[in-house]
Amino acid sequence: MDESPEDIYLVTNSETEGLSPSQSTSNSNEAIQQTPEDLVARAIAPIKREFLRPPPPSRTTQNDAASDANAKQSQSNVVKEKKSKRQLKRERRQEQKSALNLCPEIAKTGDVNACPYKDICRFSHDTQTFMAQKPADLEGECPFIRADASCPYGLACRFVGTHKDGASSATANVLKKSSEVNGLSKDVQKLLWKNKIRFTKADAVIKYLGLTGPNWKIKKLVGKEEDKVVLNGSHAAGETECKKFADDSVDCSDPTFSATDNVEEACATDELRPSKKAKCDEVENGATVLEKDIEKNSTETESIHMADDVLAEPDKSLKIHLREKKLIDFREKLYLAPLTTVGNLPFRRMCKILGADVTCGEMAMCTNLLQGQASEWALLRRHSSEDLFGVQICGAHPDTVARTIELIDKECTVDFIDINMGCPIDIVINKGAGSSLLTKPSRMKGIINAASGTVDKPITVKVRTGYFEGKNRIDSLIADIGSWGATAVTVHGRSRQQRCSKLADWDYIYQCGRKAPSALQVLGNGDIFSYLDWNNHISDCPELSTCMIARGALIKPWLFTEIKEQRHWDISSGDRLNILKDYLSEELMTTLCWYYGVETTRHFLLEWLSYTCRYIPVGLLDVIPQRLNWRPPSYCGRDDLETLMASDFAADWIQISEMLLGKVPDGFAFAPKHKSNAYDRAENG
């Protein structure tokens, strides 16, 4: 998420925004008179003169209208009285009883008598009213039918006209299960809700490293002092840390620490860590009613989680040596970065088709995963086509990260686990996670040590150059990151304070790559937007294993094809539309093609279109390739569709979505989730 779209929303033609039409026209004429070299120096896209046009006169009017609408909406939200839980529950029941909420069993079969609940069913059984109120079918074929399966939504599907008679809906469920993995089972989710899963490996590692118990308070105080010393410029050596606590804590280099002791000490750590409040406090014969309920309903699941840990061999050392870990060779592989909101499973699936080698899921918060939140676990889903796949997690404390990694190792099929230590989002920073860890090297050490000691899967780390602009510090920690247990580190060439403004500092990334030990793979990240950018970074610093691609893939996902084929692809608007159609087909298979699923798909499409509008076709440029920080003047495409795709108006994005997903519902409005401007005016003139 370090390359989160939080900071990537485009405001095209930012120099003319807010000006009168006459002023905008004069600026456009001035741009026409300048040479392409002058425009590039000012970070303005050098578009051929025949495609330039004056800015739309309604630009300011539309922006003002949108801001007024947002202001009115915010005022209405303030005045709106908060509803009670009882009112919300009543409204949900009334909504369920509406004709549009057809019973799923009746929708699958089309038979009114198929529902086993009959009159007490909470959904509607009126198929005639449902078909009368249902929106019109969409153009095209149902994605499940295209995959030779039966649609599980039957009559509720927006492509019901293409359904075949006599097919079993169970085939669709089998298809979905076979193509996607890493789902959270209900039994495990209930155990997480009730805080009844034992993390014996993680707790034993935390105890082994001395990161819990009474000595942890002392280490935290000393760690803060070390952080202050490092911030002042003198980096403390990591080898002396264990010696400082040799009298008060377990020696980290002691190979005699066995897994049998780990299980006993792990039980003690559970008492130190506050658990969630249980709904039942009554005790009967030494066991709570909650525990009896767990034993009754989830005995088999819990035994599976405990078997591997309790039966561990006592003579094995807990600490896994780096040579014993499974390693992944990232060298010269095309790596799609984890991207928030847009980088979901359908988007990654499409990038795999276009040439990506390595994919990684969206950033998931450790605390949400440990609480069993289904929405957070959905970020870990993996498609069967993702042959080299990792997940990215974010946490602030070693015990939280270690427990999450142990849980992922048991429940998911992944090739590596990436720890985010570069997220610049305020809500993450305030929790002590993300790039705030860059100011706490002792905390970084504890997290990486705990993570690498818990599982044998490769642990990778994603960082930025530093927290404050002009105070880079990762080069002083790069060797330590490898000794702490990480197998690879990705360096984003910006600080947290820069977020995604200005250009990435690749010279500093090269410096980190040259300082890294041979066992640690270093990956660069930032502003890769063409195959020439990729080639230059790989050739300029052979110590880099590969480069991670983030915003470039959001704006033009065919970038992976360009790198593999070593060419600039002047893709047509029709081909771009076909890519959108393929994406929607995958998205509808994931969100499902009923009424609400289509609107969820529309939301993701509009979020993605807020980035694709930044792409400037190769045939329109005087200078190629396009740079990521170029601001395009107002221009028209080679056809109407290309012009529409270049628009930065939300109304035009909605028009594109209506071409693919039908008319939007009444009262529909869209505002991009990520509104930050990716350009820096002072830097680029």
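Residues numbered from 1 in each chain as written. Predicted model: local features only at pLDDT ≥ 70, side-chain atom pairs only at ≥ 80, totals over all residues. Heavy atoms only, no water.

## Here's the deal with the overall build of the protein
Stage number 1. A count of helices and strands for the protein gives 30 helices and 12 strands.
Stage number 2. Evaluated residue by residue, the protein yields a buried proportion of 52% over its 685 residues.
Stage number 3. Long-range contacts, defined here as pairs at least 24 residues apart, represent 74% of the contacts in the protein between residues at least 6 apart.
Stage number 4. Accessible surface computed for the protein: about 31900 Å², of which carbon and sulfur atoms make up 51%. (Helix = DSSP H or I, 4+ residues; strand = E, 2+ residues; numbered from the N terminus. Buried < 20%, exposed > 50% of the residue type's maximum accessible area, 1.4 Å probe, protein only. Contact = heavy atoms within 4.5 Å. Areas by Shrake-Rupley, 256 points an atom, 1.4 Å probe, with all protein chains shown as cover.)

## Let's talk about the confidence of the model for the protein
Stage number 1. Looking at the protein, the pLDDT average stands at 77 and 70% of residues meet or exceed 70.
Stage number 2. Scored below 50 in pLDDT, residues 2-27 shows 81 contacts in the model against residues more than four places distant or in partner chains.
Stage number 3. This model gives residues 233-318 a pLDDT under 50, and the stretch forms 99 contacts once residues within four places in sequence are excluded. (pLDDT = per-residue confidence, 0-100.)

## Description of the sheet that holds strand β12 (residues 544-549)
Stage number 1. Strand order in the open sheet made by the 8 strands is β4-β12-β11-β10-β9-β8-β7-β5, with parallel pairing throughout. What marks the edges here is a single partner per strand, and that holds for β4 (335-336) and β5 (359-365).
Stage number 2. As defined by bridge partners, strand β11 (residues 521-525) adjoins β12 across 4 bridges and the pair is classed as parallel. Directly across from Asn525, in β12, lies its bridge partner Met548.
Stage number 3. Sheet strands in contact with helix α22 (residues 506-515) are β10 (488-492), β11 and β12, and its direction is about 175° off that of β11. (Pairing = 2+ DSSP bridges. Axes fitted to C-alpha atoms, helices over the stretch in contact; angles between N-to-C directions.)

## A short note on the pairing of β10
Stage number 1. Of all 5 residues making up β10, 5 are buried, and the element is well covered by its neighbours.
Stage number 2. Judged from the 5 bridges that link them, strand β9 (residues 459-464) and β10 form a sheet pairing that is parallel. Across the sheet, Thr460 pairs through a bridge with Ala488, a residue of β10.
Stage number 3. Between the parallel pair β9 and β10, the chain is carried across by helix α21 (residues 474-484), and the sense of this crossover is right-handed.
Stage number 4. For β10 and β11, the ladder comprises 5 bridges, and the chain directions are parallel. Within the sheet, the bridge partner assigned to Ala488 lies in β11 and is Gln521.
Stage number 5. For the handedness criterion, the β-α-β arrangement of β10, α22 and β11 is classed as right-handed. (Right-handed = clockwise from strand over helix to strand, strands pointing away.)

## A look at helix α29 (residues 650-661)
Stage number 1. Taking 1.5 Å of rise per residue, 12 residues should cover 16 Å, and α29 covers 16 Å from first to last C-alpha, within 8% of that figure.
Stage number 2. Those residues of α29 lying buried are Asp652, Trp653, Ile654, Ile656, Ser657, Leu660 and Leu661.
Stage number 3. One or two steps after α29, the chain reaches Gly662, where phi turns positive at roughly 85°. (Expected span 1.5 Å × (residues − 1).)

## Regarding the packing of aromatic side chains
Stage number 1. The final tally for this structure, using the stated rule, is 9 aromatic pairs.
Stage number 2. Seen in terms of ring centroids, Trp558 and Tyr615 are 5.0 Å apart; in terms of plane orientation they differ by 90°. Their pairing is edge-to-face. Here Trp558 is found in the loop between α24 (551-555) and α25 (559-565), whereas its partner Tyr615 is found in the loop between α27 (595-612) and α28 (640-645), with 57 residues between them in sequence. Both residues of the pair, Trp558 and Tyr615, count as buried.
Stage number 3. Grouping aromatic residues by their ring pairs yields a cluster made of Phe330, Tyr335 and Phe416.
Stage number 4. The aromatic ring of Phe468 is capped on one face by Lys471, whose charged end is 5.8 Å from the ring centroid. (Phe/Tyr/Trp six-rings, centres within 6.5 Å; stacked < 30°, edge-to-face > 60°. Lys NZ or Arg CZ within 6 Å of the ring centre and 35° of its normal.)

## Re the environment of Lys194
Stage number 1. Relative to the helices and strands, Lys194 resides in the loop between α9 (186-193) and α10 (200-208).
Stage number 2. Judged by its relative accessible area of 29%, Lys194 falls in the partly exposed class.

## Digging into the packing of α21 against α22
Stage number 1. Close contact between α21 and α22 brings their axes to 9 Å; oriented N to C, the two are set at 30°. When the interaxial angle is binned, α21 and α22 end up roughly parallel. Like other packed secondary-structure pairs, α21 and α22 cross with a definite hand, here right-handed. Judged by residue contacts, Ile474, Asp475 and Ile478 of α21 engage Tyr508, Gln511, Cys512 and Lys515 from α22.
Stage number 2. Here the residues of the contact of α21 with α22 sort into 4 nonpolar, 1 polar and 2 charged. (Parallel < 35°, antiparallel > 145°, perpendicular 65-115°, else oblique. Left-handed = near helix turned anticlockwise from the far one by under 90°. Nonpolar A, V, L, I, M, F, W, Y, C, P; charged D, E, K, R; others polar.)

## Structural notes on the packing of α10 against helix α18 (residues 398-411)
How two helices sit against one another is set out by the angle between their axes and by the gap between those axes.
Stage number 1. At a closest axis distance of 8 Å, the pairing of α10 and α18 adopts a crossing angle of 150°. In terms of their interaxial angle, α10 and α18 are classed as roughly antiparallel. When you trace α10 past α18, the crossing you get is right-handed. Along its contact with α10, which presents Thr200, Lys201, Ala202, Asp203 and Ile206, the element α18 presents Pro398, Asp399, Ala402, Arg403 and Glu406.

## Some points on a negative patch on the surface
Stage number 1. Among the surface-exposed residues, Glu37, Asp38, Glu50 and Asp622 lie close enough to one another that they form a single negatively charged patch.
Stage number 2. For Asp622, the location among the structural elements is in the loop between α27 and α28. (Patch = residues over 30% accessible without salt bridge, like charges linked within 9 Å, V, L, I, M, F, W, Y side chains within 5 Å. Salt bridge = Lys/Arg side-chain N within 4 Å of Asp/Glu carboxyl O. Lys, Arg positive; Asp, Glu negative; His and termini not counted. Charge placed at Lys NZ, Arg CZ, Asp CG, Glu CD.)

## Re the environment of Lys201
Stage number 1. With respect to the element layout, Lys201 can be found in helix α10.
Stage number 2. Given a relative accessible area of 36%, Lys201 falls into the partly exposed group.
Stage number 3. The sequence separation of Lys201 and Ala450 amounts to 249 residues, and the corresponding C-alpha distance is 9.9 Å.

## Concerning the pairing of β11
Stage number 1. Most of β11 is tucked away: 5 of the 5 residues are buried.
Stage number 2. Going residue by residue along β11, you find Gln521, Leu523 and Asn525 tucked away on one face and Val522 and Gly524 tucked away on the opposite face as well.
Stage number 3. Following the backbone out of β11, through helix α23 (residues 531-540) and into the adjacent parallel β12, one traces a crossover that is right-handed.

## A few points about helix α15 (residues 345-353)
Stage number 1. Of all 9 residues in α15, 7 are buried; the element is thus mostly enclosed.
Stage number 2. Those residues of α15 not exposed but buried are Leu345, Pro346, Phe347, Arg348, Met350, Cys351 and Lys352.
Stage number 3. A positive phi of about 125° marks Gly355, the residue just after α15.

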